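# Coordinate analysis (summary)
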Amino acid sequence: MTRRMTWTHLRCSYRREDPRRGLEARLADPLFTLARQWQFGEFQGDDAATPTEIAVESSHAPVTGLVPAKAAKGATPSRALGPSDLLEPLVESTHGDDDPTALRQAGEAGLQFLRMLPSAKRAKVRSRLQKAYPLRSNGPGHGRNQTVLTALARGSFDGRQLYESLQKGDLSFLDQAGLSQGAAVKLSKTWRAYYEARFVPGAPAALWQQERLEQDFGLTAQGANKTNIRLKAEGYPGGHLDWHAFDVDARRSEGIDRPLPETRKAVMIPTPVRYSGMPADRFWDFEDGKVFFGGLALERTDLAQLVLTEFATVYSNDWFLVPVETETGTLSRVDRITVRDNFGEVIEVKPAALDEPKGRPWRFFELSGDPSVSKGLAPLMYLPRSLDEGEESRPVEKVTLVRDEMANLAWGIERVIEGQAGHPIDRDQDWARVRDGFQTYTGEDPDEEPPEDGAWRYRLLSTAPPHWVPFAPEVIKGYPTHRLIRSRMQEWQLLGDAMKTYAGPQGCFMDPSAPMAVAEEELPRGGLSLTRSWQTARSPDGRLLLWPARRKAPASGDASSGRQVDMIEIPKEAPNAE
């Protein structure tokens, strides 16, 4: 069956090659000026009305919960959202006891507890706590990280274990230190509040999609009659959340075709839209000297600039501004707008979406998947309570996923990982420093005599750096595609006891404690760059928030590991090398 495709192509036509001459509005003799005024209709009177009063009726529903994207309809939120909860810290944070810096965090929490004690009792309590809750490293340290951990172990203890004991009401060590019961309870309550607020609780594990290397999550809003309206954000790569990251999950929503529970009505005087550089209302009014439309650098192919320029010079003074206030973290709908003009006539302005319910090309601020228009209602709008600005550390983990077409593999290259004390470890430099000590791994026989000048040399195998982790393609049964499975190289065994230190994944993105598979379509030709860094910001109520944030972005080009088998190395100046 033959399919016919049609489309609309917008083209511009010109009387002259350069549109700037028309924008300059050059002057001539007075008769010319009068003729131009007549051409622009400035001598023609219109009985056009001007709006003097606008009434806006709107309805709102607060977003109250965070849920996994695939949670069932009506599921209980995995975390309630309050008026001071920002979305990015809750969604991006995945830290916990298995975090690389969990040991340092435990030591710093212990130091904070000691600071809250009276100075006279601090040494005695520290000695008791170090014996009861020693700070033990879960692996070998590395450079500056080991220095920090050693200092923490000498002056602090494991705050995580102390928190668990205080949660059970165990205050015996404080009683032995000579603190009264009231002082011990107050100290315990104050420190536990600090510990719980120090780091944002990690997001549910279901939010991070390992196969897609991105976050999927949903939000719930309480609709009419205690129904739940579900929003979903799929494929969030990290960074900043705004309205366009969300869609309406109509399949898991209830009561979406009913009015929202909280209704408001505001009556205002409309204000003409004004912006910097706006042209004067009348053609022959002179603008400010800083505004010169003849200086616009326009070409015939600059369609977007031409459309914007036409709007600014012809239609911009036809618009009025009517602000409707709403709280952040709220789902809203403008239900009705009525306009009273200077002739006393009242006109109801219907949503433009109702005139073209299907195939509307212009849907700014509307949420995809919203069935409201088909039910005769205005579309929903969402104003997320997202992060305005904060501070971000340099990346503490960097992973590059690239394709190697020659080897029919993909590689996960761990460039940087986070040490136990929070200092980044450059794995490229780490391996370059010790590479010469592993000649067996690099394919060089330490007992072999160096070749003569110009002699050919046979090598059985050339290996990739041990922090290059291979991903082998695997066909998905029943589907015409495949996925990339994290694997391991057999030659890693040549490193011996050093394999645990230098080989394989050691960071959070390619967690070595669990299998990993990546959808093949998620890895573009140019590769992916995954970064992890610490962010800090203030919540609306002034709390200090700290969380590790993940980012996914396109990389720049493919890479080759240089891994070859059964090869002959020919010196550049060897005879017959060509």
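Here the structure is a predicted model, which is why all the values come from computation and not from measurement.

What counts, and at which threshold
Residues numbered from 1 in each chain as written. Predicted model: local features only at pLDDT ≥ 70, side-chain atom pairs only at ≥ 80, totals over all residues. Heavy atoms only, no water. Helix = DSSP H or I, 4+ residues; strand = E, 2+ residues; numbered from the N terminus. Contact = heavy atoms within 4.5 Å. 1 Å grid on protein atoms, 1.4 Å probe; cavity = no way out; pocket = protein on both sides within 12 Å on 5 of 7 lines; lining within 4 Å. Points joined across faces, edges and corners; volume = space filled by probe spheres on them. Nonpolar A, V, L, I, M, F, W, Y, C, P; charged D, E, K, R; others polar. Buried < 20%, exposed > 50% of the residue type's maximum accessible area, 1.4 Å probe, protein only. Polar contact = N/O pair within 3.5 Å; in protein donor to acceptor, adjacent residues only side chain to side chain. Axes fitted to C-alpha atoms, helices over the stretch in contact; angles between N-to-C directions. Left-handed = near helix turned anticlockwise from the far one by under 90°. Core = buried A, V, L, I, M, F, W, Y, C linked by side-chain atoms within 4.5 Å. Phe/Tyr/Trp six-rings, centres within 6.5 Å; stacked < 30°, edge-to-face > 60°. Lys NZ or Arg CZ within 6 Å of the ring centre and 35° of its normal. Pairing = 2+ DSSP bridges.

## A word on the overall build of the chain
- Scanning the chain from N- to C-terminus turns up twelve helices and 23 strands.
- Long-range pairs, those at least 24 residues apart, make up 72% of the contacts in the chain with a sequence separation of at least 6.

## Quick look at empty space enclosed by the protein
- For the structure shown, the criterion picks out one cavity of 30 Å³ or more.
- For the lining of the largest cavity, the class distribution of residues is four nonpolar, one polar and two charged.

## Description of the side chain of Glu 418
- Within the fold, Glu 418 resides in strand S15 (residues 409-418).
- On the basis of relative accessible area, Glu 418 is assigned to the buried category, the value being 8%.
- Reaching out from Glu 418, the side chain makes a polar contact with the side chain of Arg 532 at a distance of 2.6 Å.
- Residues contacting Glu 418, with those up to four places away along its chain left out, are Pro 100, Thr 101, Val 396, His 423, Arg 532 and Trp 534.

## Quick notes on the packing of helix H4 (residues 102-116) against helix H6 (residues 144-155)
- Contact geometry of H4 with H6 gives a least axis separation of 10 Å together with a crossing angle of 35°. Seen along the crossing, H4 lies across H6 with a hand that is left-handed. Only Val 148, Leu 149, Leu 152 and Gly 155 of H6 make contact with H4, whose side of the interface consists of Leu 103, Arg 104, Gly 107, Glu 108, Leu 111 and Leu 114.
- A breakdown of the residues in the contact of H4 with H6 according to their chemical character gives six nonpolar, two polar and two charged.

## Examining the nonpolar core
- Membership of the largest hydrophobic core comes to 30 residues, with the highest contact counts inside it found for Leu 213, Leu 401, Trp 411, Trp 431, Phe 438 and Phe 471.
- Counting residues per element, the ones that place at least two in this core are strand S14 (397-404), S15, helix H11 (427-434), strand S18 (468-475) and strand S21 (528-538).
- Val 91, Phe 246, Ile 256 and Leu 331 belong to the second-largest nonpolar core, a separate cluster that totals 24 residues.

## Looking at the packing of aromatic side chains
- Evaluation of the coordinates by the stated rule reveals 17 aromatic pairs.
- Geometrically, the ring pair formed by Tyr 163 and Tyr 195 is stacked, given 4.5 Å between the ring centres and 20° between the ring planes. Of this pair, Tyr 163 sits in helix H7 (residues 159-167) while Tyr 195 sits in helix H9 (residues 181-198), and the two are 32 residues apart along the sequence.
- Members of the aromatic cluster, joined through ring pairs, are Phe 113, Phe 157, Tyr 163, Trp 191 and Tyr 195.
- The ring of Trp 208 has Arg 550 lying over it, and the distance from NZ or CZ to the ring centre is 4.6 Å.
- Note that Arg 550 overlies the ring of Phe 509, its terminal NZ or CZ placed 5.3 Å from the centroid.

## Quick word on unusual backbone geometry
- Residue Leu 213 is not a glycine yet carries a positive backbone phi of 60°.
- With respect to the helices and strands, Leu 213 occurs in the loop between strand S3 (208-209) and strand S4 (214-222).
- One non-glycine residue, Phe 365, adopts positive backbone phi at about 70°.
- Topologically, Phe 365 is positioned in the loop between strand S11 (346-349) and strand S12 (381-383).

## Considering the pairing of strand S19 (residues 482-486)
- Bridge count for S18 against S19 is five bridges, and the pairing is antiparallel. Each residue of the ladder has a partner; that of Pro 473, found in S19, is Leu 484.
- In terms of strand pairing, S19 meets strand S20 (residues 517-519) through three bridges, oriented antiparallel. Each residue of the ladder has a partner; that of Leu 484, found in S20, is Val 518.

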